[in-house]
Number of protein chains: 2
Amino acid sequence: METFYPEFSPRFAGFMAQLRGRKIAVVGHARPDGDCIGSQVALARMLRARGHEVVCLNPDPVPRRLEFLVGGLTFLRPAGFAADDHVAVFVDCADHDRAGQALKARFPAPFGAIDHHLSHDGFARHNFVDPASAATAEILAGMLFDNGLPVDAATAQALYVGILTDTGQFRFNSTSRRTFLLAAELLARGASPAEAGYELYERETAGKLQLLQRFLASLRRECGGRVCIGLLPDGVFADTGTLPEDTEGMVDYARAIDGVDIGALIEERPEGIKGSLRAKDPAYRLDLVAGQFGGGGHACAAGFNVKGGKLDSFYPRLVAALEKQIRTVDAGRR
Amino acid sequence: METFYPEFSPRFAGFMAQLRGRKIAVVGHARPDGDCIGSQVALARMLRARGHEVVCLNPDPVPRRLEFLVGGLTFLRPAGFAADDHVAVFVDCADHDRAGQALKARFPAPFGAIDHHLSHDGFARHNFVDPASAATAEILAGMLFDNGLPVDAATAQALYVGILTDTGQFRFNSTSRRTFLLAAELLARGASPAEAGYELYERETAGKLQLLQRFLASLRRECGGRVCIGLLPDGVFADTGTLPEDTEGMVDYARAIDGVDIGALIEERPEGIKGSLRAKDPAYRLDLVAGQFGGGGHACAAGFNVKGGKLDSFYPRLVAALEKQIRTVDAGRR
């Protein structure tokens, strides 16, 4: 087996030596995703196998579909954690704030951070940060293998899920030869792609498929076909027995149409309008469009909330904003 | 690099030696998928690089979304191919019939076959068949690497797409350590996961999303909820401006529901019924169920065609066959 992180791994060995005998808090971020929970589980399991007392902390609960990774580990929210003798290692957090104000205040000077975000600001004492890696779990897997640290089947599965989810199932351009070599090694240690696929993608509710059907039936093309907008009117969640979290990933269907540059989802809720925007090309700077409605995000993925808004009156405002943005981007390309 | 197919690869070297100086027809199956076209492209490119004159033959055209793989190769339907001095190598065909009657008659004694189907019947003179492999492209990639045969970036991409599509994006339980090691090596040779993801999954037609919407609206639960069946009645392709190839992947939505063991898609066409079956667990042996309707396939993924069938009369027959199979499997588990 080759060395995956020749720069980090010797430093990680030193980091592990400094942790010896300490109780450890493995801290993740708000609204945790597969890479966050997977990295927390893997790091915590490895530390526990080395004799550490470990607790995992997050500002939000572990999502239902990631619960299969947790096993016998302790995941707590800040309010449920009273001890004051733990050293903190933050995973998948670009900055100190990502873990939420309570955990930031609780651990004002984190001992370690493992992360792959471009915007990572080196907030911990020991930072293991590589933006060229597809996932935090990729960096962690590489450092564990490089150092011969314990990776049992459940740890391998947690790391595999982190990599799988943060690469969009090995699809994003962050997916590299190293990503696949690590996946191969994780399978050799007992990770199960079939189990991960089942837990993550084959446990949909019938209601979620009904919601998707309603969303697809609502799709409208605007701006000469370059924008595709799906609408979920007030009451659709009750009709289908779904929750607002069930819209996850739906806007990607609008974007996936050939010729569409920008996909959008507008949800009408009792408290107002929630919008999600996705572009194929970062040139569309959707963070700026979302900003016009009090929201924000990334160039290709942004969102906003408009209090008290109604679908009929809001829809033309959004189309106008997107039309203007497309004209601006087109002009810049000429 | 390790040896991927220690049993096949020396034999494949001998096979290549016997092909020396010959014109070659690389034959694929009806309604070709990513593994079929990817394997045909890769084999044809490698043979061309070794100086062979090569043509690819299929009973049906290359699907639109796989056209990006074809490059400068010649893909013909049987009627467009008149030459009689070609040696035939069949890829991804479980039996001689899978290539259609015209190509079967044209090549009554195929020289070679590369395939990964459990039901492969060894119809060629030289068969390279491994049902433990996730894709025909996996076997082919392994044999090319083992023998140091030419794999340029376009060949690597074709093999990558074959593996990607036949593993459901590395999700099916056929996905192994070897699958990932080969993916890593294909990336090193120039395969691009981001391009593959864009071409395969971000170039949908608006009609395909309408077709998906119609499919989702049609879903019915049977066998106490353990079976979910979607129906596409005659005329739906014309209504939505789609082609039969646009149903690819749709049956997976039926299977993805929590509590569903078997998903099914029944298409009513002018010439009869086409059925697709998908199980979460290979214990359901869907190849045996499909076999009752003159079809076949894998334990978790099988299909069939019933000439002259109508939706209303066929539906209860399928439900009865699935009900019986579930009862048999349940009995075996007790």
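Cut-off values and rules
Residues numbered from 1 in each chain as written. Chains lettered and ligands numbered in written order. Predicted model: local features only at pLDDT ≥ 70, side-chain atom pairs only at ≥ 80, totals over all residues. Heavy atoms only, no water. Helix = DSSP H or I, 4+ residues; strand = E, 2+ residues; numbered from the N terminus. Rg over C-alpha atoms; globule rule 2.2 N^0.38 Å. Contact = heavy atoms within 4.5 Å. Areas by Shrake-Rupley, 256 points an atom, 1.4 Å probe, with all protein chains shown as cover. Lys, Arg positive; Asp, Glu negative; His and termini not counted. Charge placed at Lys NZ, Arg CZ, Asp CG, Glu CD. Domains from an automatic or database assignment. Least-squares fit on C-alpha atoms with pLDDT ≥ 70 in both. Buried area = accessible area lost by both parts, 1.4 Å probe. Salt bridge = Lys/Arg side-chain N within 4 Å of Asp/Glu carboxyl O. Polar contact = N/O pair within 3.5 Å; in protein donor to acceptor, adjacent residues only side chain to side chain. Nonpolar A, V, L, I, M, F, W, Y, C, P; charged D, E, K, R; others polar. Pairing = 2+ DSSP bridges. Axes fitted to C-alpha atoms, helices over the stretch in contact; angles between N-to-C directions. Buried < 20%, exposed > 50% of the residue type's maximum accessible area, 1.4 Å probe, protein only. Parallel < 35°, antiparallel > 145°, perpendicular 65-115°, else oblique. Left-handed = near helix turned anticlockwise from the far one by under 90°. pLDDT = per-residue confidence, 0-100. Expected span 1.5 Å × (residues − 1).

Asks: Lay out the overall build of chain A in plain terms, naming residues and giving numbers.
Replies: The secondary structure content of chain A amounts to twelve helices and twelve strands. Here chain A has a C-alpha radius of gyration of 21 Å; the compact-globule value for 334 residues is 20 Å, and the two agree. Sequence-distant contacts, at least 24 apart, represent 66% of the contacts inside chain A between residues at least 6 apart. Working note: accessible area of chain A is about 13500 Å², and carbon and sulfur atoms make up 49% of it. In chain A, the 38 positive side-chain charges and the 41 negative ones have mean positions that sit 2 Å from each other.

Asks: Can you lay out the domain arrangement of chain A for me, pointing to particular residues and giving the numbers?
Replies: Parsing chain A into structural domains produces domain 1 (8-201) and domain 2 (208-333). Inter-centroid distance (C-alpha atoms) of domain 1 of chain A to domain 2 of chain A is 32 Å.

Asks: Lay out the relation of the copies chain B and chain A with the relevant residues and their values.
Replies: With an RMSD of 2.9 Å, the fit of chain B onto chain A corresponds to turning through 180 degrees and sliding 0.5 Å along the axis. Here the two chains are linked by the operation of a two-fold rotation axis. Taken together, the interface assignments show that 98% of the residues at the interface of chain B recur at the interface of chain A, consistent with an identical surface on both copies.

Asks: Tell me what's going on with the interface of chain B and chain A, and back it up with residues and numbers.
Replies: Contact with chain B, which involves 40 residues of that partner, is made by 39 residues of chain A. Here chain B packs against chain A, burying approximately 3400 Å² in sum over the two surfaces, 62% of which is carbon and sulfur. Summed over the shared surface of chain B and chain A, the result is five salt bridges. A salt bridge links arginine 203 of chain B to aspartate 258 of chain A; the nearest nitrogen and oxygen atoms lie 3.1 Å apart. Counting across the chain B and chain A interface gives 15 residue pairs in polar contact (both at pLDDT 80 or more). Elements represented by at least two residues in the side of chain B that touches chain A include exactly helix 6 (177-188), helix 7 (193-201), helix 8 (206-218) and helix 10 (251-255) of chain B. It is helix 6 of chain B that provides the largest number of residues to the side of chain B that touches chain A, a total of seven residues. Looking at the side of chain B that touches chain A residue by residue, the classes come out as 22 nonpolar, eight polar and ten charged.

Asks: Could you give an account of the side chain of glutamine 157 of chain B, naming the residues involved and the relevant values?
Replies: With respect to the helices, strands and loops of the structure, glutamine 157 of chain B is situated in helix 5 (residues 153-166). Contacts of glutamine 157 of chain B, omitting those with residues within four sequence positions, involve Phe68, Leu69, Ala191, Ser192, Glu195 and Ala196 of chain B.

Asks: Can you break down the sheet that holds strand 5 (residues 112-115) of chain B residue by residue, with the values?
Replies: Residues and elements named next belong to chain B. Read from one edge to the other, the open sheet built from six strands follows the order 3-2-1-4-5-6, with strand pairing classed as parallel. Since the sheet does not close on itself, it has two edges, and those belong to strand 3 (75-76) and strand 6 (126-129), each with one partner. Relative to strand 4 (residues 86-91), strand 1 (residues 23-27) runs parallel, the two being bridged by five bridges. When the bridges of strand 4 are listed, lysine 23 appears paired with histidine 86. Helix 1 (residues 8-19) rests against strand 1, strand 4, strand 5 and strand 6 of the sheet, and its axis sits at about 145 degrees to strand 6.

Asks: For the pattern of salt bridges, give the residues involved together with the corresponding values.
Replies: The tally for this structure, following the rule as stated, stands at 42 salt bridges over all chains. A salt bridge links aspartate 239 of chain A to arginine 214 of chain A; the shortest N-O distance between them is 3.4 Å. Of the two residues, aspartate 239 of chain A is situated in helix 9 (residues 236-240) and arginine 214 of chain A in helix 8 (residues 206-217); the sequence distance between them amounts to 25 residues. Judged by relative accessible area, aspartate 239 of chain A falls into the exposed class, the value being 54%. Since its relative accessible area comes to 32%, arginine 214 of chain A is described here as partly exposed. One salt-bridge network, held together by shared partners, links Glu202 of chain A together with Arg171, Asp252, Arg255 and Arg278 of chain B.

Asks: I'd like a rundown of the packing of helix 8 of chain A against helix 8 of chain B, residues and numbers included.
Replies: Viewed as axis vectors pointing N to C, helix 8 of chain A and helix 8 of chain B meet at an angle of 140 degrees, and their least axial separation amounts to 9 Å. Taken together, the axis directions place helix 8 of chain A and helix 8 of chain B in an arrangement best described as oblique. As helix 8 of chain A runs across helix 8 of chain B, the sense of the crossing is left-handed. Between helix 8 of chain A and helix 8 of chain B, the residues in contact are Leu209, Leu212, Gln213, Leu216 and Ala217 of chain A and Leu209, Leu212, Gln213, Leu216 and Ala217 of chain B, respectively. Class assignment for the residues of the contact of helix 8 of chain A with helix 8 of chain B results in eight nonpolar, two polar and no charged.

Asks: Requested: an account of the confidence of the model for chain A, with residues and values cited.
Replies: Per-residue confidence for chain A gives a mean pLDDT of 94, with 100% of residues at or over 70. Predicted complex, confidence summary: ipTM 0.87, pTM 0.88.

Asks: Which residues make up the sheet that holds strand 8 (residues 227-232) of chain B, and what values go with them?
Replies: Residues and elements named next belong to chain B. Strand order in this open sheet of six strands is 7-8-9-10-12-11, and the pairing throughout is mixed. Looking at strand neighbours, the two that pair on one side only are strand 7 (220-222) and strand 11 (296-297), the edges of this open sheet. Helix-sheet contacts for helix 8 involve strand 7, strand 8 and strand 9 (262-269), and the interaxial angle to strand 8 is about 135 degrees.

Asks: Can you explain the environment of isoleucine 262 of chain A? Please cite residues and give values.
Replies: Residue and element names in this part refer to chain A. Along the polypeptide, isoleucine 262 turns up in strand 9 (residues 262-269). Take isoleucine 262: its relative accessible area is 0%, and that puts it in the buried class. Spatially, the C-alpha atom of isoleucine 262 lies 24 Å from that of threonine 175, the residues being 87 residues apart in sequence. Leave out the neighbours within four places in its chain, and isoleucine 262 touches Arg226, Val227, Cys228, Arg278, Ala279, Tyr284, Leu286, Leu322 and Ile326.

Asks: Could you give me a rundown of unusual backbone geometry, with the residues and numbers involved?
Replies: All names here are of chain A. Unusually for a residue other than glycine, arginine 31 sits at a positive phi of about 40 degrees. By the secondary structure assignment, arginine 31 is in the loop between strand 1 (23-27) and helix 2 (34-49). By relative accessible area, arginine 31 is classed as exposed at 72%.

Asks: Lay out helix 6 (residues 177-188) of chain A with the relevant residues and their values.
Replies: Residues and elements named next belong to chain A. In a regular helix each residue adds 1.5 Å, so twelve residues correspond to 16 Å; helix 6 covers 17 Å between its end C-alpha atoms and thus fits that length. Counting buried residues along helix 6, nine of its twelve residues qualify, which places the element largely inside the surrounding structure. Among all positions of helix 6, only Thr179, Phe180, Leu181, Leu182, Ala183, Ala184, Glu185, Leu186 and Leu187 are buried. Its side-chain oxygen at 3.2 Å from the backbone nitrogen of arginine 178, serine 176 defines the N-terminal cap of helix 6. Of the residues flanking the end of helix 6, it is glycine 190, one or two places downstream, whose phi is positive at about 115 degrees.

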